[in-house]
Amino acid sequence: MSSKTLPYSIKDIQYDNAKFRRRSLFQVISQTFLTNKMKRECMSCSTGKFLAVLMIFGLTYLVITHASPIHSVTSGVARAIGSKQGDNSIMDGGGIGVKRFWRKPPRLPPHLSPDEMNISNKSTHNPAKSNLDSEWVAKQESVKKAFIHAWSGYKKYAMGYDELMPLSQKGIDGLGGLGATVVDALDTAMIMRLDDVASEAGSWIEKNLPERICNKGQVNLFETTIRVVGGLLSAYHLSEMNPNSTKNGPKPSVYLENAKNLADVLLTAFTSSPTAIPFSDVVLQDHKAHPAPDGLSSTSEVSTLQLEFNYLSFLTGDPKYSVESMKVLEHMKTLPKVEGLVPIYISPSSGEFSGNNIRLGSRGDSYYEYLIKVWLQQRQNNWSYLHEMYEEAMKGVKHLLVKKSKPNGLVFVGELPGGVDGGFSPKMDHLVCFLPGTLALGATKGITKAKAMEENLLTFEDLENLKLAEDLAKTCFEMYSVTSTGLAPEIAYFNSEGYSEDNLDGGNKSSEYVHDIVIKHADRHNLLRPETVESLFVLYRITEDSKYREWGWSIFEAFEKYTKVESGGYTSLDDVTMLPPRRRDKMETFFLGETLKYLYLLFGESNVIPLTQFVFNTEAHPIPIITTTAKKE
């Protein structure tokens, strides 16, 4: 059913507030004459009565024949805020006097919701808004400087390797040796308009990547697609939009050509499999694919390839990439599910799900993310089954996985390790923090909540999902603020019905939720992950609530304080609950490709990479939404 608008709109508020003004001199004197004291003292004699009547008539004459200066000022304010409602004699600055005698007393202003208060404040306090904007511009600049510091460490010690080991000051190949950090960071540099970095990365790709695609060994289908193929396609689009971004680097066609050549080899994971489910690994130099050692593929991995392959088919005009990748989701549509939820493993040999473990953390997460994002990308194809699968899954999440912590009621998403007939686990990976952003995106389709409400576009279920998104975003942020470092652990548990553990808190005793969140010793590491700031970015864009920016800034400051390595780069941590934290020796590619990108966009203007025109792949590479009017390059 359609949602109803709130009982008061911002225009109502402006109309009501415009009617609050100082009383005229006539109103003051007439009211004074009506007090009991004046009645006793002045109305007790005939002379007093005569003088009072004479004064009243005199004041009435003056009011009728002279415009009130207060009235003129008020009319100007009314015009300034653009209101056309209410008494025309007030709002238009025209009427003189008599009608004011019959005006009803002003109503008390209605209570504003937090969202409306933010919007109202923005519209009525322009100087403050200007100062606020400059504050966020400065904070965005701080994120840009962090990116430059991260890139400088990588360039100095690990250029061409997949990842930087910032403490050891060397590089390591953990993702197949395709220079993953170079490609992952490229579109971030373009978005930040760091043309020198973009040219450096682009020139390295042009010179080195073709040979590596031909000669490197085993790579993971999923990781290579989301980081390298996705990064190349995004860089292609952004460089086409702004040719000056790589004026000293390669032509945009270099990125598209490398993406195509790499995808051609990765397609063997699909064509080698006996079912629609691809194998997990590909050997680049041999053009061969094979399953993982246990024979299984992760559900999330095989269902998180479609944005990239669909866009590649659109650009090249060759449908094979889209056809092969979409077979996966079309096949999954036919498989049995538990209220839309699916196990985290699937077999390429049988095409069936394996085991009963259901979770939205590792190996399950981006299956749900891509259902809605692929539908958004391809709405012109009317793949309505994707939206139906997403809606069913979100209902299943709310029914089976969403619980509240004790004692303070944080909303969290748990797991069903033994399936729906097994026990519930109050375990929540940091990876699950992608969900608030996905829920918000699914609710409004990328437009602001205010616009969606104004145009009556939100169903009751959309509003419910948006509320859940905001509740979960708070929980994700509290997973940061509950620790001594202000950085989240990889995994958290929640004291809740049927589960309780003591002496495993995050170390920040001043946190309101110190007794709600349990952090086990094995789960206390932080890998510089992006999922929470991703959701803060999406929720800020959709709700326009500044608290998401404030939370993002708090997280960024903690990264700066505890993970920055002075010689260059940033490092993951071993234990976020202790000070000083033990440091690991690795900077994941997604810190440059995702975490810093989302923070930069969070603090910036909403017209940069708008959510109505782009979907971000699961590695934060913006992919254009395909429309019927779009042209292939």
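Look up a bit, the structure's there.
What counts, and at which threshold
Residues numbered from 1 in each chain as written. Predicted model: local features only at pLDDT ≥ 70, side-chain atom pairs only at ≥ 80, totals over all residues. Heavy atoms only, no water. Helix = DSSP H or I, 4+ residues; strand = E, 2+ residues; numbered from the N terminus. Buried < 20%, exposed > 50% of the residue type's maximum accessible area, 1.4 Å probe, protein only. Contact = heavy atoms within 4.5 Å. Areas by Shrake-Rupley, 256 points an atom, 1.4 Å probe, with all protein chains shown as cover. Pairing = 2+ DSSP bridges. Expected span 1.5 Å × (residues − 1). Salt bridge = Lys/Arg side-chain N within 4 Å of Asp/Glu carboxyl O. Disulfide = S-S within 2.5 Å. Core = buried A, V, L, I, M, F, W, Y, C linked by side-chain atoms within 4.5 Å. Axes fitted to C-alpha atoms, helices over the stretch in contact; angles between N-to-C directions. Parallel < 35°, antiparallel > 145°, perpendicular 65-115°, else oblique. Left-handed = near helix turned anticlockwise from the far one by under 90°. Nonpolar A, V, L, I, M, F, W, Y, C, P; charged D, E, K, R; others polar. Lys, Arg positive; Asp, Glu negative; His and termini not counted. Phe/Tyr/Trp six-rings, centres within 6.5 Å; stacked < 30°, edge-to-face > 60°. Lys NZ or Arg CZ within 6 Å of the ring centre and 35° of its normal.

> What's the story with the overall build of the chain in this structure? I'm lost.
Looking only at helices and strands, one finds 25 helices and 15 strands in the chain. Per-residue burial over the chain gives 55% buried out of 633 residues. A sequence separation of at least 24 residues applies to 70% of the contacts in the chain between residues at least 6 apart. Entry remark: accessible area of the chain is about 27600 Å², with carbon and sulfur atoms responsible for 53%.

> Explain the sheet that holds strand S8 (residues 353-354) to me, please; I cannot follow it from the model alone.
Strand pairs in the sheet, formed through backbone hydrogen bonds, run parallel or antiparallel to each other. Judged by pairing direction, the sheet is antiparallel, and its 3 strands sit side by side in the order S6-S7-S8 without closing on themselves. Taken across any chain shown, the strands that pair with only one partner, and hence form the sheet edges, are strand S6 (297-298) and S8. By the bridge criterion, 2 bridges tie strand S7 (residues 345-346) to S8 in an arrangement that is antiparallel. Within S8, the residue paired with Ile346 across the bridge is Phe353.

> How should I be thinking about helix H13 (residues 252-266) in this particular structure?
One turn of an α-helix holds 3.6 residues; hence residues three or four places apart share an orientation. Look at H13: 22 Å from first C-alpha to last across 15 residues, which is about the 21 Å you get at 1.5 Å a residue. Here H13 has its buried residues at Pro252, Val254, Tyr255, Leu256, Asn258, Ala259, Leu262, Ala263, Val265 and Leu266.

> Help me understand the pattern of salt bridges in this model?
Close approach of charged atoms allows side chains of opposite charge to pair. Taken as a whole and assessed by the stated rule, the structure comprises 24 salt bridges. Put simply, Lys597 and Asp187 hold a salt bridge, and the shortest N to O gap is 2.7 Å. In this pair, Lys597 is assigned in helix H25 (residues 589-602) and Asp187 in helix H10 (residues 180-191), connecting sequence segments 410 residues apart. Each member of the pair, Lys597 together with Asp187, is buried. Asp318 is the salt-bridge partner of Lys320, the closest N and O atoms lying 3.9 Å from each other. Linked by salt bridges that have partners in common, Lys260, Asp264, Asp318 and Lys320 make up one network.

> How should the state of the cysteines be read in this particular structure?
Put plainly, two cysteines are in a disulfide when a covalent bond ties their sulfur atoms together. Inspection of the entire model under this criterion finds 1 disulfide. One disulfide bridge connects Cys433 with Cys476, the sulfur atoms lying 2.0 Å from each other. In this structure, the disulfide formed by Cys433 and Cys476 twists by about -100° around the S-S bond and is classed as left-handed. In this pair, Cys433 sits in the loop between strand S11 (427-429) and helix H20 (435-444) while Cys476 sits in helix H22 (residues 460-481), placing the two residues 43 residues apart along the sequence. Residue Cys433 shares its accessibility class with Cys476, and that shared class is buried.

> Looking at this structure, how should I read the nonpolar core?
The tendency in soluble globular proteins is for nonpolar side chains to be buried side by side. Phe147, Ile205, Leu233, Leu386, Leu435 and Met587 are the most contacted members of the largest nonpolar core, which has 159 residues in total. The next biggest cluster of nonpolar side chains, apart from the first, holds 5 residues, and it includes Ile491, Tyr499, Leu504 and Val518.

> Explanation requested: the sheet that holds strand S3 (residues 218-220) in the structure shown.
Within the open sheet, the 3 strands sit side by side as S3-S4-S5. Their pairing is antiparallel. In this open sheet, the two strands that pair with only one neighbour each are S3 and strand S5 (288-290). Direction aside, neighbouring strands of the sheet carry axes that sit 30° apart on average. Here 3 bridges tie strand S4 (residues 281-283) to S5, and the two strands are oriented antiparallel to one another. For Asp281, the partnering residue across the bridge sits in S5 and is His290.

> Could you clarify how one ought to interpret the packing of helix H18 (residues 365-377) against H20 in this entry?
Between two packed helices, what matters for the description is the angle formed by their axes and the separation of those axes. Across the interface, H18 lies against H20 with an axial gap of 10 Å and an inter-helix angle of 30°. As the angle between them shows, H18 and H20 are arranged roughly parallel. The two elements H18 and H20 meet at a crossing, and its hand is left-handed. From H18, Tyr368, Glu369, Ile372, Lys373 and Leu376 reach across to H20, where they touch Thr438, Leu441 and Gly442. Considered class by class, the residues forming the contact of H18 with H20 number 4 nonpolar, 2 polar and 2 charged.

> Explanation requested: the environment of Ala292 in the structure shown.
Structurally, Ala292 can be placed in the loop between S5 and S6. Sequence spacing of Ala292 and Phe279 is 13 residues, and the spatial spacing of their C-alpha atoms is 7.4 Å. Excluding residues within four positions of it along the chain, Ala292 makes contact with Ser280 and Asp281.

> Quick question: what am I supposed to make of the packing of helix H16 (residues 306-316) against helix H17 (residues 320-334) here?
Their axes nearest at 7 Å, the elements H16 and H17 cross at an angle of 155°. Taken as axis vectors, H16 and H17 run roughly antiparallel relative to one another. Once H16 is placed against H17, the crossing between them reads as left-handed. Contacts from Gln306, Phe309, Asn310, Leu312, Ser313 and Thr316 of H16 reach H17 at Lys320, Tyr321, Ser322, Ser325, Met326, Val328 and Leu329. For the contact of H16 with H17, a count of residues per class yields 6 nonpolar, 6 polar and 1 charged.

> What should I look at first to understand the environment of Ser303 in this one?
As for its position among the elements, Ser303 is in the loop between helix H15 (299-302) and H16. Taking the C-alpha atoms as reference points, Ser303 and Tyr367, 64 residues apart in sequence, are found 5.4 Å from one another. When neighbours within four sequence positions are excluded, Ser303 is seen to be in contact with Val328, Leu329, Met332, Ser366, Tyr367 and Tyr370.

> Explanation requested: the side chain of Glu619 in the structure shown.
The residue Glu619 is located in the loop between strand S14 (614-616) and strand S15 (622-624) in this model. It turns out Glu619 is buried and unbridged, and the closest side chain with the opposite charge, Arg227, is 4.1 Å from it. Leaving out residues up to four positions away in the same chain, Glu619 has contacts with Asp184, Ile226, Arg227, Thr589, Phe590, Gly593 and Glu594.

> Would you explain the packing of aromatic side chains in this entry?
To describe a pair of aromatic rings, you give the distance between the ring centres and the angle between the ring planes. Counted according to the given criterion, the structure contains 18 aromatic pairs. When the ring of Phe412 is compared with that of Phe424, the centres are 6.3 Å apart and the planes differ by 50°; the resulting orientation is tilted. Of this pair, Phe412 sits in strand S10 (residues 411-413) while Phe424 sits in the loop between S10 and S11; the two residues are 12 residues apart in sequence, bridging distant segments of the chain. Residue classification places Phe412 among the buried positions, given a relative accessible area of 0%. Among the aromatic residues, those joined into a cluster by ring pairs are Trp136, Trp553, Phe556 and Phe603. Above the plane of the ring of Tyr385 lies Lys333, whose end atom (NZ or CZ) is 4.5 Å from the centre. Stacked on the ring of Tyr493, the Lys or Arg Lys520 has its end atom at 4.1 Å from the ring centre.

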